[in-house]
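# Per-entry structural report
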Amino acid sequence: MSKTDDKSLDLPQEWPGALHYDEQEVEAVTRIVRAQSPFRFYGLDFQHEVEQLEKEFAEYIGAKYCLGVSHGTAALQCAIAAMGVGPGDEVLLPGYFWVSTVSAVVRSGAIPVLVDIDNSFNMDPGDLAQKITKRTKAVIMVPMGGVLGQVKKVAEICKENNILLLEDCAQSSGASQFGKMAGSFGDISIFSFQINKNITAGEGGAVVTNSEELYKKAFAVHDLGYTKDEEGNLDIENKDYQFWGIGCRMSEVTAAIVRVQLKKIGLITSSMRNFKYQLIEIISGYKGISTRYVADPSGDSGGFLKMIFDTKEMAFNFRDGLIENGIKVRQGGYYPVHMLDWGLHIYSNITALVGKKSFCGHHSVWELQENEFAKDYKYEKGTLPVLDSFVERTTLFCVASKLSDEHKTLIKKAFTKTCDLLLESK
Ligand SMILES: Cc1ncc(COP(=O)(O)O)c(C=O)c1O
């Protein structure tokens, strides 16, 4: 039996950036350790890594400012605080996201309002327009898995209505649409460098914006609550920037790794994208299976293939078929996943949201006087019918960023066999 027929062949996990670690990341970490300078503002032989990453990342996205932070979740908190979101405000966001997206809204004291998705699995501008009220302070667009959707249209709607747009690009570093980078469409955007993301230092995040004011506010919140003057000294007298900081600074070690990863981002995303579209070509020969709409495939960062079926049963059967035909899931990885098992990415699975729980056991934001208007808002399954229907009928395949020819052959064979078994050719 050849190795490609061997059903026990393990596939690498879908940790895109980490699979591309090599001596360059080792050198970067070693340099910071040798310099005895892991802190972003000073050190024995200070290397200025965070500052340099901020410059390079801002330039890469095509924005003026970037702030390195400790996590994507922290980046969301800083961005939301910078936008001045709080009690009495509504923040509109899709129901397909990560729990951090909605938790950052709830922790600000504002009310999350769920918006349905379109066939790109991104926010539907039509539903967004209907849900805007005089209380809408901000919109969060969440391009999941590196596909941007109708972000330009959403940005236009936000502008017309004088609403701030935050792009949660945690899963979309390196993605673009017709040449414009994810994170450059709205007023402010955030990124994550956690291990499942396109580039990674294990943890890490960034806030990106063209607005000096939003940048300075995010900076203050990420540090001690205050901005810095031209000389880099804390300015505690400036009344525009007197907040409560959360101390989520990025470390020099994180920045050193992310700087190396940023140089590899094109290689990482193109490896995933190229193979993803080879798989799409296979399944496009069959009836009863489709994939999500991608306006500009060349800007898809490629990590996730969503396969949509007519029924829930077919989506489960397809997942099982892929596994039976040789796609073995290594522990900790998740190759073929039915979207019903996609956990805290789906609004109705978030028990704290459905149950309108409080941040720390006292009053929940839905009980605040300023939020009286929202006391009957609902978040359980059924709130977003289009998303609910897609979730029932979709199986995901996570495309790894580094696959040997042997792996690729095995995966393609599994796709062809499963399609032949379950579907009719076109
Ligand atoms: C859409 C989205 N937003 C925010 C985050 C949070 O990022 P982090 O894990 O770096 O806190 C994630 C991470 O999974 C995410 O997928």
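What you see is a predicted model; the values in this text were computed from it and never measured.

### Brief notes about the pairing of strand β9 (residues 205-209)
- Burial analysis of β9 places 5 of its 5 residues in the buried class, the great majority of the element.
- As paired elements, strand β1 (residues 65-69) and β9 share 5 bridges and run antiparallel to each other. In the sheet register, Leu67 faces β9, and the bridge partner there is Val207.

### Quick look at the site of the ligand
- The full set close to the ligand counts 15 residues, and Gly72, Thr73, Trp98, Ala170 and Ser192 are the nearest of them.
- Looking at the shell around the ligand, the elements with two or more residues in it are α3 (72-82) and α4 (99-108).
- Take the shell around the ligand: its biggest share by element is 3 residues, from α3.
- Partitioning the shell around the ligand into residue classes produces 5 nonpolar, 9 polar and 1 charged.

### Observations regarding the sheet that holds strand β15 (residues 394-398)
- Taking strand neighbours across the sheet as the criterion, the 4 strands line up as β12-β13-β15-β14 in an open arrangement whose pairing is antiparallel. Each of the sheet's edge strands pairs with one partner strand only, and the pair in question is β12 (289-291) and β14 (336-338). The average undirected angle you get between the axes of adjacent strands in this sheet is 30°.

### Here we look at the environment of Tyr60
- Residue placement: Tyr60 occurs in helix α2 (residues 49-61).
- Along the chain, Tyr60 and Gly174 lie 114 residues apart, while their C-alpha atoms are 8.7 Å from each other.

### Details of the sheet that holds β1
- In spatial order, the strands read β1-β9-β8-β5-β4-β2-β3; together these 7 strands make up an open sheet with mixed pairing. With partners counted over all chains shown, the strands left at the sheet margins are β1 and β3 (111-115), one partner each. Averaged over all adjacent pairs, the angle separating strand axes in this sheet is 20°, with direction ignored.
- Pairing analysis gives 3 bridges linking strand β2 (residues 90-94) to strand β4 (residues 136-141), with the strands arranged parallel. Residue pairing for β4: Glu90 is matched across the bridge by Thr136.
- The sheet strands contacting helix α7 (residues 212-222) are β1, β8 (188-192) and β9, and the helix crosses β1 at an angle near 15°.

### So, the confidence of the model for the chain
- In the predicted model, the chain carries a mean pLDDT of 94, and 96% of its residues have values of at least 70.
- Predicted confidence in the chain is weakest over β14, with a mean pLDDT of 90, and strongest over β9, with 99.
- Counted against residues more than four places away or in other chains, residues 1-8, with its pLDDT under 50, gives 10 contacts.

Reading the values: rules and limits
- Residues numbered from 1 in each chain as written.
- Predicted model: local features only at pLDDT ≥ 70, side-chain atom pairs only at ≥ 80, totals over all residues.
- Buried ≥ 20, exposed ≤ 12 C-beta atoms within 10 Å, placed from the backbone.
- Helix = DSSP H or I, 4+ residues; strand = E, 2+ residues; numbered from the N terminus.
- Pairing = 2+ DSSP bridges.
- Near = placed C-beta within 6 Å.
- Nonpolar A, V, L, I, M, F, W, Y, C, P; charged D, E, K, R; others polar.
- Axes fitted to C-alpha atoms, helices over the stretch in contact; angles between N-to-C directions.
- Contact = placed C-beta atoms within 7 Å.
- pLDDT = per-residue confidence, 0-100.

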